[in-house]
Amino acid sequence: MTTGQDIEELVRFVLAPGTSDDPFAHYRRLRELADVHRSERTGTTLVSRYADCRQVLADQETFRVVDTDWMADNIPGWRPSRSQEQFLSSLFFRNPPDHTRLRRQLSRGFTARRLRMLRPVVEKEVLSALDRLAAVPSGHVADFQELVSVPLSLAVLGGLLGIPVREHPRCWTLLHEAVPAPDPGADEAARAAMGRQADESAAELGAFFTELIAGKRTEPGDDLISACLAEQAGDPEQLTDRELALAVLPVFGAGVTTLSDTLGNIMHTLLTNPDQLERLSADPARAERAAAEAFRHSGGYHITRRYATRDTEIRGVPVAAGSIVVLLLAGANRDPEVFARPEELDIERPETASLAFGTGIHHCLGAALAKLLVETVCGALHRGPALRPAGAPRWRPSLLFFGPVRLPVTVVAGPRTARPAR
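The structure displayed is predicted, hence computed values, not measured ones. (Residues numbered from 1 in each chain as written. Predicted model: local features only at pLDDT ≥ 70, side-chain atom pairs only at ≥ 80, totals over all residues. Heavy atoms only, no water.)

### Looking at the pairing of strand β2 (residues 44–47)
The side chains of a regular strand alternate, residue by residue, between the two faces of the sheet.
Link 1 in the chain: Both faces of β2 are covered, namely the face carrying Thr44 and Leu46 and the face carrying Thr45 and Val47.
Link 2 in the chain: As defined by bridge partners, strand β1 (residues 36–39) adjoins β2 across four bridges and the pair is classed as antiparallel. Counterpart to Val36 in the pairing with β2 is Val47.
Link 3 in the chain: Counted along the chain from β1 to the antiparallel partner β2, the turn is four residues long, and its residue Gly43 has a positive phi close to 75°.
Link 4 in the chain: Strand direction decides the pairing type here: β2 and strand β8 (residues 324–328), joined by four bridges, are parallel. Within β8, the position partnered with Leu46 by the bridge is Val326. (Buried < 20%, exposed > 50% of the residue type's maximum accessible area, 1.4 Å probe, protein only. Helix = DSSP H or I, 4+ residues; strand = E, 2+ residues; numbered from the N terminus. Pairing = 2+ DSSP bridges.)

Right under this line is the structure:
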């Protein structure tokens, strides 16, 4: 017999960082027991079904992102740290009308033309990443994240924004210091030291992007930042260098994190489903459908939050005005009401729009770029060396962005097929 205490224990596993290497099992069990659950312990409502998550994301009037105004009104004594203030001022934590203004300015750089221009760059970077794997002696263990996922994501996002290649490692280090992974075992002194480091790194990262933008005003390049500056010239609502920096910085940070997480998740899933990997390697034309399935099955964006602007209900469960709704997007992407055999990876699955990029006004701005990168990787795997798992991954202790920090693989052969001369 299942009790409310059993469900609350599931909620603890879902919301507490670092408690499980397989969060999907908890999402599935929670959906089976209570697809909409009001947790009295946390004061939140957890939503597991695809249709319900999609409805909440699409209803901007009733459900809004948890912004600084909500935090100030609902968390006694809340004051953001310098690092929190910087990231909470971004597009991801804004509601209209501020969100509308910021997104309009940034979307000018995410055009179909720019993606066409980026395609050869992405293809080149993917082959370079596979070269690094192929250089590992057969039988040796390598970290897929270190050799492929992280540098590839940095190269693509850095290229999109016009960040000099020499600055990529610095930006990656500062990003991790500014937004450190949660450490439930840290004592008060360690948390204080981490907070000070986060503030310092966030300030340095913000200054870097502000200087980068100022430089592109005088020496524009062929990148998203320069495009934003050119297209907003004369706009009475144009962003200052500091505003644009605070808008672009999270695009870089969240983009690199989600892309590297997703690439690692996908490779881990393919390696543990070798029949699917072999089918994809044998027929790279399956890449587009395989990428869509990979985002559904193994995407790195697991959880998002909204607050209710009025008293309402979801599937008959009351939701009070001002209360938090937690959307388990990764669980919703395996909802059997929408997807047949949802726990299985099927690279030939007829595509049904997943919630890997959200929906509504907060639909991921870089979704098309992410799809381009993952499709390119899926279509090029046959050119890389054969790989096998080499032990358990080390997972990021967070379900906001979930993915492997380290993914050990054994290189067991050279390139599967000869590559054309470049």
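### Some remarks on the nonpolar core
Link 1 in the chain: Counting 79 residues, the largest nonpolar core has Leu106, Phe209, Phe252 and Leu373 as its most contacted members.
Link 2 in the chain: No other element matches helix α12 (residues 241–271), which puts 14 residues into this core.
Link 3 in the chain: Beyond its immediate sequence surroundings of up to four residues, Phe252 is in contact with Leu154, Leu157, Leu161, Ile163, Cys171 and Phe209.
Link 4 in the chain: Of all hydrophobic cores here, the second largest spans 20 residues; its members include Tyr27, Trp70, Ile303 and Ile324. (Core = buried A, V, L, I, M, F, W, Y, C linked by side-chain atoms within 4.5 Å. Contact = heavy atoms within 4.5 Å.)

### Comments concerning the sheet that holds β2
Link 1 in the chain: Reading across the sheet, the five strands line up as β1-β2-β8-β5-β3 and stay open at both edges, with mixed pairing between neighbours. The outermost strands of the open sheet, each flanked by one partner alone, are β1 and β3 (63–65). Averaged over all adjacent pairs, the angle separating strand axes in this sheet is 30°, with direction ignored.
Link 2 in the chain: With respect to the sheet, helix α3 (residues 50–58) is in contact with β1, β2, β3, β5 (303–308) and β8, its orientation differing from that of β8 by roughly 130°. (Axes fitted to C-alpha atoms, helices over the stretch in contact; angles between N-to-C directions.)

### As for helix α10 (residues 188–218)
Link 1 in the chain: Between its first and last C-alpha atoms α10 spans 46 Å; for 31 residues at 1.5 Å apiece the expected length is 45 Å, and the two agree.
Link 2 in the chain: Looking at the buried residues of α10, the elements they touch are α5 (82–88), α8 (144–161), α9 (168–178), α11 (224–231) and α12.
Link 3 in the chain: Sitting at the head of α10, Asp187 places a side-chain oxygen 3.3 Å from the backbone nitrogen of Ala189. (Expected span 1.5 Å × (residues − 1). Polar contact = N/O pair within 3.5 Å; in protein donor to acceptor, adjacent residues only side chain to side chain.)

### Section: the pattern of salt bridges
Link 1 in the chain: Throughout the structure, instances matching the rule amount to 23 salt bridges.
Link 2 in the chain: Across the pair Arg29 and Glu32 runs a salt bridge, and its minimum N-O distance is 3.6 Å. With a gap of three residues between them, Arg29 and Glu32 both fall in helix α2 (residues 23–33), about one helical turn apart.
Link 3 in the chain: On the basis of relative accessibility, which here comes to 38%, the residue Arg29 falls in the partly exposed class.
Link 4 in the chain: The salt bridge involving Asp35 is made with Arg315; its shortest N-O contact spans 4.0 Å. Of the two residues, Asp35 sits in the loop between α2 and β1 while Arg315 sits in the loop between β6 (312–314) and β7 (317–319), which places them 280 residues apart along the sequence.
Link 5 in the chain: Residue class for Arg315 comes out partly exposed when judged on its relative accessible area of 42%.
Link 6 in the chain: One salt-bridge network, in which partners are shared between bridges, spans Asp35, Arg49, Asp52, Arg315, Asp335 and Glu337. (Salt bridge = Lys/Arg side-chain N within 4 Å of Asp/Glu carboxyl O.)

### Considering helix α13 (residues 274–282)
Link 1 in the chain: Every buried residue of α13 is accounted for by Gln276, Leu277, Leu280 and Ser281. With its buried residues spanning 130° around the axis, α13 presents them on a single face.
Link 2 in the chain: If you follow the buried residues of α13, they end up packed against α12, α14 (287–298) and α16 (367–380). (Arc of directions from axis to C-beta.)

### With respect to the confidence of the model for the protein
Link 1 in the chain: Residues with a pLDDT of 70 or more make up 95% of the protein, whose mean pLDDT is 87.
Link 2 in the chain: Summarising per-element confidence for the protein, the mean pLDDT is lowest in helix α1 (residues 4–15) (75) and highest in β6 (97).
Link 3 in the chain: Confidence over residues 417–422 falls short of pLDDT 50; this stretch has 13 contacts with residues more than four positions distant or in other chains. (pLDDT = per-residue confidence, 0-100.)

### Considering the side chain of Arg49
Link 1 in the chain: When you line up the elements, Arg49 lands in the loop between β2 and α3.
Link 2 in the chain: Exposure remark for Arg49: the relative accessible area of 12% places this residue in the buried category.
Link 3 in the chain: A distance of 2.6 Å separates polar atoms of two side chains, one belonging to Arg49 and the other to Asp335.
Link 4 in the chain: With sequence-adjacent residues up to four places away left out, Arg49 is seen in contact with Arg31, Asp35, Arg315, Ala332, Asp335, Pro336 and Glu337.

### Observations regarding the layout of surface pockets
With a probe scaled to a water molecule rolled over the atoms, the places where space remains empty come into view.
Link 1 in the chain: Its volume calculated, the second largest pocket comes out at about 330 Å³.
Link 2 in the chain: Along the wall of the second largest pocket there are 20 residues; nearest its centre are Glu351, Ala353, Ser354, Phe357 and Lys371.
Link 3 in the chain: Going through the elements one at a time, α14 and α16 are the ones with two or more residues in the lining of the second largest pocket.
Link 4 in the chain: The element that contributes the greatest number of residues to the lining of the second largest pocket is α14, accounting for seven residues.
Link 5 in the chain: Of the residues contributing to the lining of the second largest pocket, the split by class is six nonpolar, five polar and nine charged. (1 Å grid on protein atoms, 1.4 Å probe; cavity = no way out; pocket = protein on both sides within 12 Å on 5 of 7 lines; lining within 4 Å. Points joined across faces, edges and corners; volume = space filled by probe spheres on them. Nonpolar A, V, L, I, M, F, W, Y, C, P; charged D, E, K, R; others polar.)

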